[in-house]
Structures are given as structure tokens and as C-alpha cells.
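Chain residues, written in single-letter form:
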Amino acid sequence: MTALFLPCGGGVEALLADEVLRITGVAAEATRGGVWVQGDERMAMQLNLESRLATRVLWPLVDGPYRDEHDLYALARRVDWNHWITPEQTLRVDVSAQRSPLQSLNFSALRIKDAVCDTVREATGARPSVDTRWPDLPIALFVGPEHATLYIDTSGEALFKRGWREDTGEAPLKETLAAAMLAAAGWQGRAEDGALLDPCCGAGTIVIEAAQMACGIAPGSQRRFAFERMLPFKPFAADWRELQRAAKVREHAPTVALFAGDVSFRMTDFATRNAERAGVRQAIEFKTADALQRLPPVAGGVILMNPPYGERIDAKGQGSGRGERSENRESRAPRENFEGGGTPAEFFSSMAGHWKRHYAGWTAWLLSPEMKLPTLMRLKESRRVPLFNGAIECRLFRFDMTAGAGPGGRAAPAGAPPQQV
């Protein structure tokens with residue numbers, strides 16, 4: 001048994017601790033930037049397969065104080081690397097630092113690599129090589145002001161890479177953040193959670209993540225993991241096959257209705273093709289429509305959306321026309337225009353008015369870095385959950401819709417101060 005560390009996005013730590021408990025039955029300790037949980041090789045494999053919120057599953061090796069790169073080399077020499085890697089295999093060292101006095105993180109990575117290679121060469125007469133793309137042994141070094149820790153990255157590629165996305169760009173909204181939004185909203189894909197709608201779905205990340213939950217599909221079922229090539233995990237190959245088989249058996253038809261769409265035909269088609277690759281096309285009803293005009297598909301449910309903001313917006317008129325977007329909107333920052341055109345304030349005000357007229361009984365959750373979003377929408381939020389979209393600090397706002405009024409049946413006057421919960 002060892003203390004596994006699962007890093008996650010800012011604001012997700014408590015949600016991840018709850019998820020780890022659901023998956024493993026073992027209580028996890030939330031800390032800044034992730035959670036710790038006591039586990040073994042089988043648990044590491046299970047968490048890689050099942051966790052929607054963690055970004056990686058890290059296996060700690062050694063930690064201690066340091067002053068310079070020589071201390072890091074000595075720290076790494078304390079590890080029996082022959083237990084982890086052979087001369088025929090490859091490695092890569094990634095370094096993360098926080099207030100570290102080191103002048104060069106690249107040189108720090110080089111010294112860790114030297115320690116691994118020296119240890120293996122002394123035992124076998126040969127040394128492993130470096131592969132920066134698909135290494136057999138990804139090693140993670142974390143250095144703080146005075147303390148350093150070495151981990152084995154059992155995931156390899158970050159866990160937000162579910163295996164279905166074909167575009168190579170970095171999506172501003174990663175699958176792990178979409179899952180965090182769903183977890184914060186308490187939506188788990190059960191019939192009692194109600195229908196889910198994303199009227200500005202872009203590439204479909206939110207609704208695809210929701211559909212996989214509604215169908216019981218494990219988030220890691222379509223990808224490979226670094227631990228599959230690691231020596232200490234070889235004796236657990238049968239356990240891994242059993243975990244995969246059990247996950248496959250749990251898949252089922254969706255238990256709740258899911259709806260999505262976009263103002264752009266191209267983006268709706270793009271999201272549809274993504275859903276096909278994710279194995280959930282049959283679970284989602286896509287419709288090309290302006291969010292400011294789309295009527296509710298059912299009597300009640302949950303709206304969950306990541307509206308355009310900040311770096312995702314160009315000034316009006318710089319795009320290619322009303323509502324036009326790049327087919328790869330989620331792989332680059334700017335968005336060319338809002339549905340219906342206009343300024344952000346006009347868009348959000350119009351959307352709130354549309355919801356009050358047509359979406360009474362629905363609950364809407366919006367992710368935004370605009371802390372005054374409730375004022376722009378002339379609505380009072382019932383909750384605001386801090387989340388980070390990469391480095392952008394955001395809030396996930398909840399609005400409980402009633403006809404022609406703010407939450408609680410009381411009209412929200414223009415400029416009313418937001419209620420923080």
C-alpha cells in the first residue's frame with residue numbers, strides 16, 4: 001500500500017475526494033491541488049479507468065529536502081530504478097515547480113534522468129533511453145521552495161484525454177472540467193437528475209461527458225495508460241482485464257434525456273461526430289439553433305453550459321458573420337461572435353429573458369469568470385461554485401428559473417447585487 005496522489009483542477013478537490021470514495025470505498029484526503037488516498041496497484045488502475053475528475057494518478061517514490069540539482073540527483077539515487085525499468089525501455093522526466101530556487105528546470109530533469117540511467121547501467125551494463133512522446137516510464141518531479149518529491153505517472157497522458165477526441169488542439173474546456181461542472185451541479189446521469197441541455201455545445205464536451213455518465217461508460221474505457229507497460233504492474237495484468245470487463249458490463253442505455261446544439265451547423269455536426277467516436281451518439285439529441293430562440297425540449301430539466309467569455313471572444317465584427325465559428329472552436333481561444341450578435345451584456349440579458357419566458361421550472365448552471373454575471377442577467381443566483389478553467393478563475397453560477405422573475409418567485413431588478421452562497 002502507498003499513498004497515491006491524484007492532482008486535479010482548482011476548486012475540484014472536495015468533489016474528487018467524494019468521487020474516489022465512490023469508486024474505491026476508501027476515504028481520500030483533500031489537499032490543495034488534489035487528493036491523497038491509500039492504495040495499491042489495483043486501485044491505481046481502477047482510478048485511472050474510472051476517475052472523471054483527476055488529471056493523473058501519481059505513485060510516490062521518494063521525497064526530501066534539496067538545495068540544488070546535486071541534491072535532486074542524490075534523492076533520485078535512493079530509488080531502485082531496476083524495479084521500474086529495463087535498459088530496453090524508455091523514460092521521460094517532467095518537472096513542476098512552485099517557488100523553487102532552481103535556475104533551470106530542464107537541468108533538474110536531466111539530473112533525474114542521469115540518476116535513473118546510472119542506477120540501471122551499474123546493475124545491467126546498459127541504460128534506458130529517453131522518449132519524450134510515448135515513454136514506458138513517465139517520471140514526475142515536483143519541487144517546492146525547499147522540498148522535492150518524485151512520482152511515477154501511472155496515467156501517461158493526462159486523464160482529460162478520454163480517447164475519443166480527434167482534433168489536436170488544446171480545448172479550453174477539458175473533459176475533466178466538464179465532469180467537475182456536472183459533479184458540482186449534482187448531476188450524475190440518473191433519471192431523477194432530470195434532462196440535460198447544453199444550448200451552446202461547441203464541440204460537445206459537456207454533453208458527451210454527461211452522456212457517458214448516463215450510459216455508465218467508464219471515462220478511461222477508450223484509451224491506454226502508462227502503467228500497462230510498467231514492470232511492477234505486470235503481475236496485475238489479470239486484475240486489469242477484470243476491471244475493464246466489469247466496466248464494460250456496467251454500460252447500458254441512457255437513463256435520462258440529453259439535448260445539445262449550437263447556432264452553427266458546422267459545430268453541431270462537429271459535436272455529433274465527436275459523440276459518435278465517444279460511443280454516445282444515440283444518447284444525445286442534437287439540434288442546430290440559436291440559444292436565444294431555442295424552446296425547451298422537455299417540460300423541465302438542467303441547463304449546463306460554458307458560454308463564450310474572455311479570451312474566447314473577438315470584438316463584434318471581427319468574425320466571419322452572425323453566429324459563425326471555427327469548426328475547432330474549443331481548440332483555440334477566440335470565439336468569433338455571440339449567438340444573435342451583440343455585446344456580452346446584451347447576450348446574457350437576452351438569454352435570461354428568454355429563459356424566464358420559456359424555461360420556468362428549469363435549473364441553469366453557467367460557468368463564467370465574470371463575477372457580476374448575475375447582475376448582467378438580472379437574476380439572483382442560488383449558488384456560485386469556484387472552479388478554474390485552466391488558469392482562468394471562474395464561478396459556476398446556479399439560477400433557478402421561474403416565469404418572469406428571479407429565483408424564489410421575486411423579480412430581480414436591474415442592478416440588484418448578486419447573492420453569494
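Keep in mind the model is a prediction, meaning the values are calculated, not measured.

**Quick notes on the overall build of the protein**
Scanning the protein for helices and strands turns up 10 helices and 15 strands. A buried classification covers 55% of the 421 residues belonging to the protein. Counting contacts in the protein only where the partners sit at least 6 residues apart, residues at least 24 apart contribute 76% of the total. Surface exposure of the protein reaches about 17,700 Å², of which carbon and sulfur atoms provide 50%.

**Concerning the pattern of salt bridges**
Within the structure shown, the criterion is met by 23 salt bridges. The partner of Asp118 in a salt bridge is Arg121, and the shortest N-O contact between them spans 2.6 Å. One end of the pair, Asp118, and the other, Arg121, are both in helix 4 (residues 105-124), three residues apart, so they sit about a helical turn from each other. Note on Arg121: relative accessible area 37%, which makes it partly exposed. Residues participating in the shared-partner salt-bridge network are Arg52, Arg162 and Glu209.

**With respect to the packing of aromatic side chains**
Enumeration over the complete set of coordinates arrives at 13 aromatic pairs. Ring centres of Phe397 and Phe399 lie 6.3 Å apart, and the angle between their planes is 20°; this geometry places the pair in the stacked category. The pair formed by Phe397 and Phe399 is uniform in burial state, with each residue classed as buried. In textbook terms, an aromatic cluster arises when at least three aromatic residues are bridged by ring pairs, as seen for Trp59, Trp84, Phe225, Phe227, Phe233 and Trp240. Lying over the aromatic face of Phe160, Lys174 brings its terminal NZ or CZ to 5.0 Å of the ring centre.

**Points about the sheet that holds strand 9 (residues 195-198)**
Pairing is mixed across the open sheet formed by seven strands, whose spatial order is 11-10-9-12-13-15-14. What marks the edges here is a single partner per strand, and that holds for strand 11 (284-286) and strand 14 (383-389). Across the sheet, the axes of successive neighbouring strands diverge by a mean angle of 20°, strand direction being ignored. Pairing of strand 10 (residues 258-260) with strand 11 involves three bridges; the strand directions are parallel. Looking at the pairing, Leu258 lines up with Ile284 of strand 11. In this fold helix 6 (residues 205-214) packs onto strand 9, strand 10, strand 11 and strand 12 (301-305), with an angle of close to 170° to the strand it touches most, strand 10.

**Digging into the environment of Asp40**
Note on placement: Asp40 falls in the loop between strand 3 (34-39) and helix 2 (41-50). Given a relative accessible area of 29%, Asp40 falls into the partly exposed group. Separated by 39 residues in the primary sequence, Asp40 and Met1 place their C-alpha atoms 4.8 Å from one another. Dropping the residues within four chain positions of it, Asp40 is found in contact with Met1, Leu4 and Trp59.

**Some details on the pairing of strand 14**
Relative to strand 15 (residues 392-400), strand 14 runs antiparallel, the two sharing seven bridges. Following the sheet pairing, Leu387 is matched in strand 15 by Cys394. Between strand 14 and strand 15, which pair antiparallel in sequence order, lie two residues; one of them, Gly390, sits at a positive phi of approximately 70°.

**Brief notes about unusual backbone geometry**
Despite not being glycine, Arg99 has its phi angle at roughly 55°, a positive value. Here Arg99 is to be found in the loop between strand 5 (90-97) and helix 4. Taking the relative accessible area as the measure of exposure, Arg99 reaches 65% and is therefore exposed. We note that Arg378 has phi near 55°; this positive angle belongs to a residue other than glycine. For Arg378, the position within the fold is in the loop between helix 10 (373-377) and strand 14. The exposure class of Arg378 is partly exposed, given its relative accessible area of 44%.

**Regarding helix 7 (residues 237-249)**
An α-helical segment advances 3.6 residues per turn. Residues three or four places apart therefore align on the same side. In this model, helix 7 (13 residues) spans 19 Å end to end at C-alpha, consistent with the 18 Å of a helix rising 1.5 Å per residue. Inspection of helix 7 places Trp240, Leu243 and Ala247 among the buried residues, and these make up the whole buried set. Along the long axis of helix 7, the arc covered by the buried residues comes to 60°, so they all point the same way. Facing away from the buried side of helix 7, by more than 90 degrees, are the exposed residues Arg241, Lys248 and Val249.

**Notes on helix 8 (residues 265-277)**
A rise of 1.5 Å per residue sets the reference length of helix 8, with its 13 residues, at 18 Å; its end C-alpha atoms lie 19 Å apart and thus fit the reference within 8%. Considered for burial, the residues of helix 8 that qualify are Met267, Thr268, Phe270, Ala271, Thr272, Asn274 and Ala275. Residues of helix 8 that are buried in the fold lie against helix 6 and strand 11. Two to three positions downstream of the cap, the backbone nitrogen of Arg266 sits 3.2 Å from a side-chain oxygen, assigning the N-cap of helix 8 to Ser264. In the segment just after helix 8, Gly279 is the residue with positive phi, at about 80°.

How each quantity is defined
- Residues numbered from 1 in each chain as written.
- Predicted model: local features only at pLDDT ≥ 70, side-chain atom pairs only at ≥ 80, totals over all residues.
- Heavy atoms only, no water.
- Helix = DSSP H or I, 4+ residues; strand = E, 2+ residues; numbered from the N terminus.
- Buried < 20%, exposed > 50% of the residue type's maximum accessible area, 1.4 Å probe, protein only.
- Contact = heavy atoms within 4.5 Å.
- Areas by Shrake-Rupley, 256 points an atom, 1.4 Å probe, with all protein chains shown as cover.
- Salt bridge = Lys/Arg side-chain N within 4 Å of Asp/Glu carboxyl O.
- Phe/Tyr/Trp six-rings, centres within 6.5 Å; stacked < 30°, edge-to-face > 60°.
- Lys NZ or Arg CZ within 6 Å of the ring centre and 35° of its normal.
- Pairing = 2+ DSSP bridges.
- Axes fitted to C-alpha atoms, helices over the stretch in contact; angles between N-to-C directions.
- Expected span 1.5 Å × (residues − 1).
- Arc of directions from axis to C-beta.
- Polar contact = N/O pair within 3.5 Å; in protein donor to acceptor, adjacent residues only side chain to side chain.

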